[in-house]
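This is what each chain is made of:
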Amino acid sequence: MQPRRRARITVLQCLYELDQTGHDALTAFEQRVAEEPLPRDAEEFALELLAGVTARRSALDDVVQKIAPEWPLDQVAIVDRNVLRLAAYELLYTSETPRKVAINEAIELAKLYGGDNSARFVNGALGTLVEHFNDFAQRAQSER
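In short, a report on the structure. Note that the structure is a prediction, hence the values are computed from the model and not measured.

## Thoughts on the overall build of the protein chain
Looking only at helices and strands, one finds eight helices and zero strands in the protein chain. The order of helices and strands in the protein chain, counted from the N terminus, is α-α-α-α-α-α-α-α. Computed over C-alpha atoms, the radius of gyration of the protein chain comes to 14 Å, within 12% of the 15 Å expected from 2.2 N^0.38 for 144 residues, which places it in the range of a compact globule. Burial analysis of the protein chain (144 residues in total) assigns 47% to the buried set. Put simply, 71% of the contacts in the protein chain that link residues at least 6 apart link residues at least 24 apart.

Below you can see the structure in the form of C-alpha coordinates.
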(Lines give C-alpha, C1' and ligand atoms only; values in the text may rest on other atoms or scores of the structure.)
Protein backbone atom coordinates (compact mmCIF):
# COMPACT_ATOMS: atom_id res chain seq x y z
CA MET A 1 0.00 0.00 0.00
CA GLN A 2 1.23 3.48 -0.81
CA PRO A 3 2.67 5.42 2.15
CA ARG A 4 0.30 8.38 1.78
CA ARG A 5 -2.75 6.13 1.70
CA ARG A 6 -1.48 4.44 4.86
CA ALA A 7 -1.05 7.91 6.38
CA ARG A 8 -4.64 8.84 5.49
CA ILE A 9 -5.91 5.57 6.93
CA THR A 10 -4.05 6.23 10.18
CA VAL A 11 -5.51 9.74 10.36
CA LEU A 12 -9.01 8.44 9.61
CA GLN A 13 -8.68 5.91 12.41
CA CYS A 14 -7.59 8.64 14.84
CA LEU A 15 -10.43 10.94 13.81
CA TYR A 16 -12.87 8.05 14.20
CA GLU A 17 -11.56 7.38 17.70
CA LEU A 18 -11.83 11.06 18.57
CA ASP A 19 -15.47 11.14 17.41
CA GLN A 20 -16.40 7.83 19.00
CA THR A 21 -14.66 8.12 22.37
CA GLY A 22 -13.36 11.66 22.74
CA HIS A 23 -9.81 10.36 23.17
CA ASP A 24 -7.01 12.75 22.27
CA ALA A 25 -6.27 12.42 18.54
CA LEU A 26 -2.51 12.87 18.93
CA THR A 27 -2.31 10.17 21.60
CA ALA A 28 -4.30 7.84 19.34
CA PHE A 29 -1.91 8.68 16.51
CA GLU A 30 1.16 7.91 18.60
CA GLN A 31 -0.33 4.56 19.64
CA ARG A 32 -1.16 3.60 16.07
CA VAL A 33 2.27 4.57 14.75
CA ALA A 34 3.92 2.62 17.58
CA GLU A 35 1.93 -0.46 16.52
CA GLU A 36 2.34 0.05 12.78
CA PRO A 37 5.11 2.52 11.91
CA LEU A 38 4.84 4.75 8.87
CA PRO A 39 7.75 5.87 6.71
CA ARG A 40 9.06 9.23 7.97
CA ASP A 41 7.55 11.28 5.12
CA ALA A 42 4.19 9.57 5.51
CA GLU A 43 4.24 10.13 9.27
CA GLU A 44 4.93 13.84 8.78
CA PHE A 45 2.14 14.02 6.20
CA ALA A 46 -0.25 12.23 8.57
CA LEU A 47 0.62 14.55 11.45
CA GLU A 48 -0.02 17.57 9.24
CA LEU A 49 -3.40 16.19 8.21
CA LEU A 50 -4.38 15.25 11.75
CA ALA A 51 -3.35 18.61 13.19
CA GLY A 52 -5.08 20.49 10.38
CA VAL A 53 -8.36 18.58 10.57
CA THR A 54 -8.57 18.76 14.36
CA ALA A 55 -7.67 22.47 14.43
CA ARG A 56 -10.25 23.32 11.76
CA ARG A 57 -12.87 20.79 12.74
CA SER A 58 -15.63 23.34 13.24
CA ALA A 59 -14.98 25.01 9.88
CA LEU A 60 -14.76 21.62 8.18
CA ASP A 61 -18.04 20.58 9.78
CA ASP A 62 -19.62 23.70 8.30
CA VAL A 63 -18.28 22.67 4.88
CA VAL A 64 -19.58 19.12 5.28
CA GLN A 65 -23.00 20.44 6.28
CA LYS A 66 -23.08 22.65 3.18
CA ILE A 67 -21.97 19.95 0.75
CA ALA A 68 -24.37 17.36 2.21
CA PRO A 69 -27.29 19.54 3.36
CA GLU A 70 -29.84 16.72 3.34
CA TRP A 71 -28.03 15.04 6.26
CA PRO A 72 -27.60 16.65 9.68
CA LEU A 73 -23.96 16.24 10.64
CA ASP A 74 -24.73 14.04 13.63
CA GLN A 75 -26.64 11.66 11.33
CA VAL A 76 -23.76 11.22 8.89
CA ALA A 77 -21.91 7.96 9.62
CA ILE A 78 -18.73 8.57 11.61
CA VAL A 79 -16.52 7.15 8.86
CA ASP A 80 -18.20 9.21 6.15
CA ARG A 81 -18.09 12.38 8.24
CA ASN A 82 -14.37 11.97 8.89
CA VAL A 83 -13.54 11.01 5.31
CA LEU A 84 -15.28 14.22 4.23
CA ARG A 85 -13.46 16.29 6.87
CA LEU A 86 -10.15 14.86 5.76
CA ALA A 87 -10.80 15.37 2.05
CA ALA A 88 -12.17 18.88 2.58
CA TYR A 89 -9.08 19.77 4.57
CA GLU A 90 -6.79 18.50 1.80
CA LEU A 91 -8.79 20.30 -0.88
CA LEU A 92 -9.22 23.62 0.90
CA TYR A 93 -6.23 24.06 3.17
CA THR A 94 -3.33 22.36 1.42
CA SER A 95 -1.94 22.80 -2.04
CA GLU A 96 0.26 19.72 -1.91
CA THR A 97 -2.34 17.17 -3.02
CA PRO A 98 -3.97 17.52 -6.46
CA ARG A 99 -7.77 17.76 -6.25
CA LYS A 100 -8.35 14.59 -8.22
CA VAL A 101 -6.02 12.62 -5.93
CA ALA A 102 -7.68 13.93 -2.75
CA ILE A 103 -11.12 12.99 -4.10
CA ASN A 104 -10.02 9.55 -5.30
CA GLU A 105 -8.33 8.82 -1.98
CA ALA A 106 -11.47 9.85 -0.08
CA ILE A 107 -13.61 7.56 -2.22
CA GLU A 108 -11.19 4.68 -1.64
CA LEU A 109 -11.26 5.27 2.12
CA ALA A 110 -15.05 5.29 2.01
CA LYS A 111 -15.03 2.00 0.08
CA LEU A 112 -12.59 0.41 2.53
CA TYR A 113 -14.11 1.58 5.81
CA GLY A 114 -17.60 2.89 5.14
CA GLY A 115 -20.94 1.32 4.47
CA ASP A 116 -22.45 0.15 1.20
CA ASN A 117 -23.36 3.67 0.07
CA SER A 118 -20.43 5.54 1.57
CA ALA A 119 -18.35 5.85 -1.60
CA ARG A 120 -21.31 7.21 -3.56
CA PHE A 121 -22.18 9.65 -0.74
CA VAL A 122 -18.59 10.88 -0.41
CA ASN A 123 -18.23 11.22 -4.18
CA GLY A 124 -21.43 13.26 -4.45
CA ALA A 125 -20.57 15.52 -1.53
CA LEU A 126 -17.05 16.17 -2.81
CA GLY A 127 -18.49 16.81 -6.26
CA THR A 128 -20.55 19.59 -4.71
CA LEU A 129 -17.47 20.95 -2.98
CA VAL A 130 -15.54 21.02 -6.26
CA GLU A 131 -18.51 22.59 -8.07
CA HIS A 132 -18.48 25.46 -5.56
CA PHE A 133 -14.76 25.26 -4.85
CA ASN A 134 -13.98 28.96 -5.25
CA ASP A 135 -16.60 29.94 -2.65
CA PHE A 136 -15.30 27.41 -0.14
CA ALA A 137 -11.65 28.23 -0.90
CA GLN A 138 -12.24 31.94 -0.28
CA ARG A 139 -13.74 31.19 3.11
CA ALA A 140 -10.84 28.88 3.93
CA GLN A 141 -8.31 31.55 2.93
CA SER A 142 -9.95 34.07 5.24
CA GLU A 143 -9.63 31.61 8.15
CA ARG A 144 -5.90 31.08 7.73
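What follows picks up the thread again.
## A few points about the environment of Leu18
Relative to the elements of secondary structure, Leu18 occurs in helix α1 (residues 3-21). Each C-alpha atom, one on Leu18 and one on Asp135, is 29 Å from the other, the two residues being 117 residues apart in sequence. Leaving out residues up to four positions away in the same chain, Leu18 has contacts with His23, Ala25, Thr54 and Arg57.

## Quick notes on the packing of aromatic side chains
Per the counting criterion, the structure on display carries one aromatic pair. Plain terms: the ring middles of Tyr89 and Tyr93 are 5.6 Å apart, the flat faces sit at 20° to each other, and that makes the pair stacked. Separated by four residues within a single helix, Tyr89 and Tyr93 lie in helix α5 (residues 78-93), roughly one turn from each other. A residue is classified by how much of its surface remains accessible, and Tyr89, at 6% relative accessible area, is buried. Residue classification places Tyr93 among the buried residues on the basis of a relative accessible area of 8%.

## Observations concerning the nonpolar core
Counting 52 residues, the largest nonpolar core has Ile67, Leu84, Leu92, Val122, Leu126 and Leu129 as the members making the most contacts within it. If you list the elements that add at least two residues to this core, you get α1, α2 (25-35), α3 (40-55), α4 (57-67), α5, α6 (99-113), α7 (118-131) and α8 (133-143). With 10 residues, the single largest contributor to this core is α5. Not counting residues up to four positions away in its chain, the partners in contact with Leu126 are Ile67, Leu84, Ala87, Leu91, Ile103 and Ala106.

## Examining α7
End to end, α7 covers 20 Å across 14 residues, agreeing with the expected 20 Å (1.5 Å per residue, within 8%). Three or more residues of α7 are buried, namely Ser118, Ala119, Phe121, Val122, Ala125, Leu126 and Leu129. Buried residues along α7 cover an arc of 160° about the axis, so they all sit on one side. Facing away from the buried surface of α7 by more than 90 degrees, the exposed residues are Arg120 and Glu131.

## Let's talk about α4
For the α-helix, the turn length of 3.6 residues means that residues three or four positions removed from each other point alike. All of the buried residues along α4 are Ala59, Leu60, Asp61, Val63, Val64 and Ile67. Those residues of α4 that are buried lie in contact with α3, α5, α7 and α8.

## Examining the packing of α6 against α7
Contact geometry of α6 with α7 gives a least axis separation of 8 Å together with a crossing angle of 155°. Between α6 and α7, the crossing angle belongs to the class labelled roughly antiparallel. Crossing geometry of α6 relative to α7 is assigned as right-handed. Counted together, Arg99, Ile103, Ala106, Ile107, Ala110 and Lys111 of α6 and Ser118, Ala119, Val122, Asn123, Leu126 and Val130 of α7 form the full contact between these two elements. Classifying every residue of the contact of α6 with α7 by side-chain character gives eight nonpolar, two polar and two charged.

The rules behind the values
Residues numbered from 1 in each chain as written. Predicted model: local features only at pLDDT ≥ 70, side-chain atom pairs only at ≥ 80, totals over all residues. Heavy atoms only, no water. Helix = DSSP H or I, 4+ residues; strand = E, 2+ residues; numbered from the N terminus. Rg over C-alpha atoms; globule rule 2.2 N^0.38 Å. Buried < 20%, exposed > 50% of the residue type's maximum accessible area, 1.4 Å probe, protein only. Contact = heavy atoms within 4.5 Å. Phe/Tyr/Trp six-rings, centres within 6.5 Å; stacked < 30°, edge-to-face > 60°. Core = buried A, V, L, I, M, F, W, Y, C linked by side-chain atoms within 4.5 Å. Expected span 1.5 Å × (residues − 1). Arc of directions from axis to C-beta. Axes fitted to C-alpha atoms, helices over the stretch in contact; angles between N-to-C directions. Parallel < 35°, antiparallel > 145°, perpendicular 65-115°, else oblique. Left-handed = near helix turned anticlockwise from the far one by under 90°. Nonpolar A, V, L, I, M, F, W, Y, C, P; charged D, E, K, R; others polar.

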